[in-house]
Amino acid sequence: MPCNCEDDNGFSEHQNGCQLRINTNRTSTEGFNGYSKMYENSDTLVEEVDHSSVRYPDGTVRLRNPNIELMDQDILYHLALGSGSHDLVEMFGDVKFVCMGGTPKRMEQFAYTIMAEIGHKLPCGTTLQDISQFSYRYSMYKVGPVLSISHGMGIPSVGILLHEVIKLMYHAKVRDPVFFRIGTCGGIGYEGGTVIISEEAVDGALKNALELTVLGKTIQRPAKLDRRLVRELKGLADPEDPYDTITGKTMCTYDFYEGQGRLDGAFCDFTESDKMEYLEGIHKAGVVNIEMESLAFAALTHHAGIKAAVICVTLLDRLKGDQVLAPKEVLDEWQQRPTKLVCRFIKRYLQMKGRLSLEGHGSIAVKSPRRFKLVQQESENYD
């Protein structure tokens, strides 16, 4: 049986007398760079994280890829940034929080909201700038120690972004960053407008791991979220809020229609009775909401040793229907609810550190004009 010697991130910290994972059908092999162990079971490799492998002693992010250090420069293609073209330490070295959400518009709005909440002042004559505007894929805004980034829709989109943002944290020498996903979801037994903080992420078969095929082999990365962060966020829910804030298990699917048991897609090979049996079954198993990004978000942040949380608002109760019918103005107000919770967390942290009203880093800092132009051109060639 697995041991229970874990910290709030799910990292193993084995104590004397604990019972380690033992299975005679598995063979243990060191990860390719010694950073983790992989346990082989049939055709699947289950990766475990060694916390010391993902942090340097000063708290800066350590990549689990030795190839990056050997590269002349690392182009973060989908962000229109590069380690050789931009001074990433100057631009992003003061970042503490990375907040992600689906659409560029929503994350631009979040950037303005957090700017007002923490009292951040832009230099006279300037405005918020989309740092990744030349990528035409994601939008990124920086407000003092906060990055606000759109991640698109679904696991592939958020996965690509996370690879490059985690590398950005490494190149910028960011210390102990905290990642948030702020989004929308379908509730399972909860009405629209309910705020849900994910305790863990599972796939459509209720497995708490992201499955990837790498070099023809299937690997599983545990989709763990920071438990202490969940408790702290839940503790910031205001009793005066005119809505409920709960915690629970989040199901992440690869599809909005068939994968979530909807009857209104272009294809449907199951009945309403089949759908209800499935939804009621996962509800009994502890699932409180369904969305499409949390599995990759939890798995990749955990793999990188980064504290992370997922906070979503429900747009409907899936036990009562499939289509989102609430008026636009109602949906807009609902989508502000998880934003408020994250803002409370960030504001409280900065108040405790005495870091409100920061002016900080954030403008484009060009290290090499030639490489800057090259990265810009590479990212613009999106066809």
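Residues numbered from 1 in each chain as written. Predicted model: local features only at pLDDT ≥ 70, side-chain atom pairs only at ≥ 80, totals over all residues. Heavy atoms only, no water.

**Comments concerning the overall build of the protein chain**
Here is the rule we go by: Helix and strand definitions here come from DSSP, where helices need a minimum of 4 consecutive H or I residues and strands a minimum of 2 consecutive E residues; each element is numbered from the N-terminal end. Residue burial is assigned from relative accessible area. The probe radius is 1.4 Å, only protein chains are included, and a residue is buried under 20% of its type maximum, exposed over 50%, and partly exposed in between. Residues count as neighbours in contact if any of their non-hydrogen atoms are within 4.5 Å of one another. Only the protein chains shown count as cover for residues, and all accessible areas are computed by the Shrake-Rupley method using a 1.4 Å probe.
Across its full length, the protein chain holds eight helices and 15 strands. Taken over 383 residues, the protein chain has a buried fraction of 51%. In the protein chain, of all internal contacts separated by at least 6 residues, the share reaching a separation of at least 24 is 74%. Working note: accessible area of the protein chain is about 18200 Å², and carbon and sulfur atoms make up 50% of it.

**Focus: the environment of Ile311**
Tracing the sequence through the fold places Ile311 in strand β15 (residues 307-317). When the C-alpha positions of Ile311 and Ile246 are compared, they lie 9.9 Å apart, and in sequence the two are 65 residues distant. The contacts of Ile311, once residues within four sequence positions are left out, are Phe180, Arg181, Ile182, Gly183, Val195, Ile196, Ile197, Leu233, Pro338, Leu341 and Val342.

**Focus on the pairing of strand β6 (residues 97-101)**
Quick reminder of the rule: Only strands that DSSP links by at least two bridges are regarded as paired with each other.
Of all five residues making up β6, five are buried, and the element is well covered by its neighbours. Here β6 shows no split at all, with Phe97, Cys99 and Gly101 on one side and Val98 and Met100 on the other all buried. As paired elements, β6 and strand β8 (residues 146-150) share five bridges and run parallel to each other. Directly across from Val98, in β8, lies its bridge partner Leu147. Two elements, β6 and strand β9 (residues 178-187), share four bridges in a ladder whose sense is parallel. Looking at β9, one finds that Met100 is bridged to Arg181.

**Re the packing of aromatic side chains**
Selection criterion: Working definition: rings of Phe, Tyr and Trp (its six-membered ring) pair if their centres are within 6.5 Å, and the pair is stacked with planes under 30 degrees apart, edge-to-face with planes over 60 apart, and tilted otherwise.
This structure, assessed with the given rule, holds five aromatic pairs. Consider the rings of Phe97 and Phe180, whose centres lie 6.3 Å apart with planes at 20°: the pair is stacked. Of this pair, Phe97 sits in strand β6 while Phe180 sits in strand β9, and the two are 83 residues apart along the sequence. Exposure class is identical for Phe97 and Phe180. Each is buried. Here the aromatic rings of Phe180 and Phe345 are separated by 5.5 Å at their centres, their planes lie at 75°, and the arrangement is edge-to-face.

**Here we look at the packing of helix α4 (residues 227-235) against helix α7 (residues 328-353)**
Here is the rule we go by: Note on definitions: angles span 0 to 180 degrees between N-to-C directions of axes, and those axes are lines fitted to C-alpha atoms, for helices only across the stretch in contact. If an angle is under 35 degrees, it is roughly parallel; if it is over 145, roughly antiparallel; if it lies from 65 to 115, roughly perpendicular; otherwise it is oblique. The classification used treats Ala, Val, Leu, Ile, Met, Phe, Trp, Tyr, Cys and Pro as nonpolar, Asp, Glu, Lys and Arg as charged, and all other residues, Gly among them, as polar.
Running from N to C, α4 and α7 point in directions that differ by 105°, and their axes come no closer than 9 Å. Relative to α7, α4 is oriented roughly perpendicular. Residues Leu229, Glu232 and Leu233 of α4 form the contact with α7, whose own contacting residues are Leu341, Phe345 and Arg348. The class makeup of the residues in the contact of α4 with α7 is four nonpolar, no polar and two charged.

**Some details on the packing of helix α2 (residues 104-118) against α7**
Quick reminder of the rule: With the far helix as reference, a near helix turned anticlockwise by less than a right angle produces a left-handed crossing, and one turned clockwise produces a right-handed crossing.
Here α2 crosses α7 at 40°, and the two axes come no closer than 10 Å. The angle between α2 and α7 falls in the class oblique. The way α2 lies across α7 gives a crossing that is right-handed. Within the contact between the two elements, α2 uses Arg106, Gln109, Phe110, Thr113, Ile114, Glu117 and Ile118 and α7 uses Gln335, Gln336, Thr339, Val342, Cys343, Ile346, Lys347 and Leu350. Considered class by class, the residues forming the contact of α2 with α7 number seven nonpolar, five polar and three charged.

**Section: the confidence of the model for the protein chain**
As a reminder of what qualifies: The pLDDT value expresses, per residue, how confident the predictor is, ranging between 0 and 100.
When pLDDT is averaged along the protein chain, the result is 86; 79% of the residues meet or exceed 70. Under a pLDDT of 50 for its full length, residues 11-35 has, in the predicted model, 53 contacts with residues more than four places off or in other chains.

**What about the nonpolar core?**
Here is the rule we go by: Definition used in this section: a nonpolar core is a set of buried Ala, Val, Leu, Ile, Met, Phe, Trp, Tyr and Cys residues joined via side-chain atoms within 4.5 Å.
Membership of the largest hydrophobic core comes to 46 residues, with the highest contact counts inside it found for Leu81, Phe92, Met169 and Phe179. Contributions of two or more residues to this core are made by α1 (88-92), β6, β8, α3 (155-171), β9, α6 (294-303) and β15. Among the elements that line this core, the one with the most residues is α3, at nine residues.

**Remarks on α7**
Applicable threshold: Helices are assigned an expected span. That span is 1.5 Å times one less than the residue count.
With 26 residues, α7 extends 38 Å from end C-alpha to end C-alpha; this agrees with the ideal 38 Å at 1.5 Å per step. Every buried residue of α7 is listed here: Leu331, Trp334, Arg337, Pro338, Thr339, Leu341, Val342, Cys343, Phe345, Ile346 and Leu350. Where α7 ends, the next residue or the one after it, Gly354, has phi of about 65°, a positive value.

**Things to note about the environment of Leu315**
Of note, Leu315 is situated in strand β15. Sequence separation of Leu315 and Tyr190 is 125 residues, and the distance between their C-alpha atoms is 9.4 Å. Here Leu315 is in contact with Thr184, Cys185, Gly192, Val324, Leu331 and Trp334, once residues within four sequence places are set aside.

**Regarding the pairing of strand β12 (residues 217-222)**
The side chains of a regular strand alternate, residue by residue, between the two faces of the sheet. Bridge count between strand β11 (residues 209-214) and β12: six bridges; the pairing is antiparallel. If you follow Thr213 over to β12, its bridge partner there is Thr218. Joining the antiparallel neighbours β11 and β12 is a turn of two residues, in which Leu215 adopts a positive phi near 55°.

**Notes on helix α5 (residues 272-284)**
Selection rule: This arc corresponds to the set of directions leading from the helix axis out to the C-beta atoms.
Look at α5: 18 Å from first C-alpha to last across 13 residues, which is about the 18 Å you get at 1.5 Å a residue. Within α5 the residues assigned to the buried category are Lys275, Met276, Leu279 and Ile282. Buried residues along α5 cover an arc of 135° about the axis, so they all sit on one side. In this structure, α5 carries Ser273, Glu277 and Lys284 as exposed residues pointing more than 90 degrees from its buried face. Residues of α5 that are buried in the fold lie against β13 (245-252) and β14 (287-291). Where α5 terminates, the next one or two residues include Gly286, which has phi positive at roughly 105°.

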